[in-house]
Amino acid sequence: MKADAARYLRPGSSLDALFGVEQKYNPNQPRVPAGSSDGGQWTNGASGSAQNDAAQSSGNIDLGNLPSFSDLFALFQIAPQEFDTTDDVQLAGDPPGIGHNGGPSLDPPEMPDERPRLRGDRVGFLKDAATWLGQVGKASVIGQLFLGAANNVEWLDDYQHTIQTYNDPPKTLDELQADVANPEKGYQIHHIMEQTAAERWGLSRSEIDDPSNLVRVPTMKHWEITGWYGRSNEDFGGQSPREYLSDKSASERYRIGLYALRLHGVLKP
Amino acid sequence: MMRLEQTPTQELIDRFTRIGEEQYQAIWVIDNARYNRLYREMQEIKDELKRRPGDERRALAKLYDHPNMQVRLMAAHATLAISYTAARQVIQSIADSGFLPYSADAGMTLLNLDNGIYKPA
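The shown structure was predicted, so the numbers you read here are calculated from the model rather than taken from an experiment.

Visitor: So what exactly am I meant to see when it comes to the overall build of chain A here?
Guide: The secondary structure content of chain A amounts to 11 helices and two strands. The helix and strand sequence of chain A, counted from the amino end, reads α-α-α-α-α-α-β-α-α-β-α-α-α. Here chain A holds 269 residues, and the buried ones make up 48% of them. Considering only contacts in chain A between residues 6 or more positions apart, those separated by 24 or more positions represent 67%. As displayed, chain A offers around 12700 Å² of accessible surface, 48% of which is attributable to carbon and sulfur atoms.

Visitor: Where do I start with the overall build of chain B in this structure?
Guide: Along chain B, the regular secondary structure elements total five helices and zero strands. Reading chain B from its N terminus to its C terminus gives the helix and strand order α-α-α-α-α. Here chain B has a C-alpha radius of gyration of 14 Å; the compact-globule value for 121 residues is 14 Å, and the two agree. Going through the 121 residues of chain B one by one, you find that 60% of them count as buried. For chain B, long-range pairs separated by at least 24 residues make up 54% of all intrachain contacts whose partners lie at least 6 apart in sequence. Counting only carbon and sulfur atoms, one obtains 50% of the accessible surface of chain B, whose full area is about 4900 Å². Side chains of chain B give 16 positive and 16 negative charges; the mean places of these two sets differ by 3 Å.

Visitor: Explain the interface of chain B and chain A to me, please; I cannot follow it from the model alone.
Guide: In many analyses, interface size is given as the accessible surface area lost on bringing the parts together. Counting residues at the interface gives 38 residues for chain B, matched by 48 residues for chain A. The contact between chain B and chain A buries some 3600 Å² in all, and 56% of this surface belongs to carbon and sulfur atoms. Taken together, the elements giving at least two residues each to the side of chain B that touches chain A come down to helix H1 (9-28), helix H2 (32-51), helix H3 (69-79), helix H4 (84-97) and helix H5 (102-114) of chain B. A per-element tally of the side of chain B that touches chain A places H5 of chain B first, with seven residues. The class makeup of the residues in the side of chain B that touches chain A is 18 nonpolar, 13 polar and seven charged.

Visitor: Sorry, what's going on with the packing of aromatic side chains here?
Guide: The description of an aromatic ring pair uses the distance of the two centres, along with the angle that the planes make with each other. With the rule as written, the count across this model stands at 11 aromatic pairs over all chains. Considering the side-chain rings of Trp132 of chain A and Phe146 of chain A, the 5.0 Å spacing of their centres and the 55° angle between planes classify their relative orientation as tilted. Remark: Phe146 of chain A occurs in helix H4 (residues 141-150) and Trp132 of chain A occurs in helix H3 (residues 119-136); sequence separation between them is 14 residues. Ring geometry for Trp28 of chain B against Tyr102 of chain B: centres 6.5 Å apart, planes inclined by 5°, an arrangement best described as stacked. Placement of Trp28 of chain B in helix H1 and of Tyr102 of chain B in helix H5 is noted, with a sequence separation of 74 residues between them. The exposure class of Trp28 of chain B is buried, given its relative accessible area of 1%. Overall, Tyr102 of chain B belongs to the buried group, its relative accessible area being 0%. Taken together through their ring pairs, the aromatic side chains of Trp228, Tyr229, Phe236 and Tyr244 of chain A make up a single cluster. Its end group placed over the ring of Trp28 of chain B, Lys127 of chain A keeps NZ or CZ at 4.2 Å from the ring centre. For Lys248 of chain A, the ring lying beneath its charged end belongs to Tyr244 of chain A, and the centroid distance is 4.1 Å.

Visitor: Before we go on, may I ask you to explain the nonpolar core in this structure?
Guide: The nonpolar side chains of soluble globular proteins are, as a tendency, buried together. Ranked by size, the top nonpolar core spans 42 residues in total, and within it Met111, Phe125, Leu156, Ile163 and Leu261 of chain A carry the most contacts. Among the secondary structure elements, those contributing two or more residues to this core are H3, H4, strand E2 (214-218), helix H9 (219-230), helix H10 (241-245) and helix H11 (250-263) of chain A together with H5 of chain B. When sequence neighbours within four positions are dropped, the list of residues in contact with Phe125 of chain A reads Pro109, Glu110, Met111, Pro112, Phe146, Trp155, Leu156 and Ile163 of chain A. Among the nonpolar cores identified, the runner-up in size contains 38 residues, and Tyr35, Ile45, Tyr102 and Tyr118 of chain B belong to it.

Visitor: Whenever I open this one, the packing of H1 of chain B against H3 of chain B confuses me. Can you help?
Guide: Any two packed helices are characterised by the angle at which their axes cross and by the distance between the axes. All names here are of chain B. In the contact formed by H1 and H3, the axes pass within 8 Å of each other and the chain directions differ by 120°. Here H1 lies oblique to H3, going by the angle between them. Crossing of H1 against H3: the hand is right-handed. Residues Phe16, Thr17, Gly20, Glu21, Gln23, Tyr24 and Ile27 of H1 form the contact with H3, whose participating residues are Gln70, Val71, Met74, Ala75 and Ala78. Its residues assigned to classes, the contact of H1 with H3 comprises seven nonpolar, four polar and one charged.

Visitor: Any chance you could explain unusual backbone geometry here in plain terms?
Guide: Residues and elements named next belong to chain B. For the bond from Leu100 to Pro101, the omega torsion is 0°, close enough to zero to count as cis. Tracing the backbone through its elements, the reader meets Pro101 in the loop between H4 and H5. Notably, Ile30 is not glycine yet its phi reads approximately 55°, a positive angle. Looking at where Ile30 falls in the secondary structure, it is placed in the loop between H1 and H2. Given a relative accessible area of 9%, Ile30 falls into the buried group. Phi angles above zero are rare outside glycine, and Asp55 is one such case at about 55°. Assignment of secondary structure puts Asp55 in the loop between H2 and H3. We classify Asp55 as buried; its relative accessible area is 15%.

Basis of the calculations
Residues numbered from 1 in each chain as written. Chains lettered and ligands numbered in written order. Predicted model: local features only at pLDDT ≥ 70, side-chain atom pairs only at ≥ 80, totals over all residues. Heavy atoms only, no water. Helix = DSSP H or I, 4+ residues; strand = E, 2+ residues; numbered from the N terminus. Buried < 20%, exposed > 50% of the residue type's maximum accessible area, 1.4 Å probe, protein only. Contact = heavy atoms within 4.5 Å. Areas by Shrake-Rupley, 256 points an atom, 1.4 Å probe, with all protein chains shown as cover. Rg over C-alpha atoms; globule rule 2.2 N^0.38 Å. Lys, Arg positive; Asp, Glu negative; His and termini not counted. Charge placed at Lys NZ, Arg CZ, Asp CG, Glu CD. Buried area = accessible area lost by both parts, 1.4 Å probe. Nonpolar A, V, L, I, M, F, W, Y, C, P; charged D, E, K, R; others polar. Phe/Tyr/Trp six-rings, centres within 6.5 Å; stacked < 30°, edge-to-face > 60°. Lys NZ or Arg CZ within 6 Å of the ring centre and 35° of its normal. Core = buried A, V, L, I, M, F, W, Y, C linked by side-chain atoms within 4.5 Å. Axes fitted to C-alpha atoms, helices over the stretch in contact; angles between N-to-C directions. Parallel < 35°, antiparallel > 145°, perpendicular 65-115°, else oblique. Left-handed = near helix turned anticlockwise from the far one by under 90°.

Here it is, written out as structure tokens:
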């Protein structure tokens with residue numbers, strides 16, 4: 001958010017009030033641990049600095065206070081980026097970084113007006129945006145303003161639904177399986193038992209694609225779960241879950257697959 | 001760079017912390033190649049601390065209050081074999097935070113501790 005964002009509001013109105021609208025209290029939101037100077041304050045889990053201005057007290061706002069849409073576009077700081085031409089190299093500049101430990105700010109994330117060339121930069125923005133929306137509430141005024149601004153950024157056309165579905169509430173297994181018959185933007189079909197590993201294990205295609213093994217999940221949750229399967233993991237002696245499961249039974253793969261869905265907030269406990 | 005065996009414990013802890021912070025970012029953008037490289041680097045530091053007289057992994061307990069969630073999580077993993085109850089509490093608090101995907105990692109760890117898949121050493 002631009003430091004001078006308040007200039008987009010009518011005289012006498014408050015940016016704090018705008019951000020306070022429909023602010024949701026989330027008891028599970030991470031706090032800075034006791035013992036640090038910011039102990040107990042809201043955080044995103046990465047940084048020691050409490051960053052959640054939005055978690056402060058609410059105020060009332062009249063929609064008449066809102067500026068024109070073109071001004072809102074500027075409010076969300078949709079900024080041109082300069083791109084490195086080298087693939088797989090971190091862009092120069094000021095990535096959300098180790099300096100303050102990165103991760104999503106609780107201010108609206110800055111929207112690149114061009115599609116970031118590096119996958120990590122794209123994913124980083126989408127995660128920041130989805131997490132921020134989850135914290136302020138998609139239906140809040142500021143959430144709606146953000147989505148409206150995003151709607152005018154061409155490269156985000158393909159990702160609007162991806163951002164919005166990330167915060168879907170968990171569903172039952174029956175619901176997730178039934179949803180497979182209704183493909184929608186922002187969702188992907190996920191194999192509870194990973195399909196590549198299952199193929200390697202000798203399962204037939206029909207077994208892998210059996211309805212009991214398929215669920216429709218939010219796209220970015222799918223990415224996260226797939227990412228979890230591929231990361232070295234202390235729990236499994238340094239192997240990734242995928243490596244650990246490579247010689248395990250189908251029922252063990254299925255069991256772990258359900259846990260992964262549940263822990264990523266897709267499957268109801 | 002100084003060989004790990006010659007590096008003072010505090011410096012190893014500082015490196016552990018920096019690697020944990022970078023892991024946080026790699027997980028956030030789902031960059032597994034980067035994460036797995038960082039994981040191996042952190043493993044070498046843990047192994048070196050473990051080799052030292054008195055098992056100096058215990059010094060990582062000071063990171064239980066670190067502001068970065070991934071640093072806290074990895075410090076807890078590294079000390080489970082030494083200080084199980086306190087380390088588990090750290091992992092539990094991360095799981096309870098609901099802050100994905102880190103909370104999912106922590107939640108799975110608790111399950112794997114309970115079902116015996118994960119045996120900290």
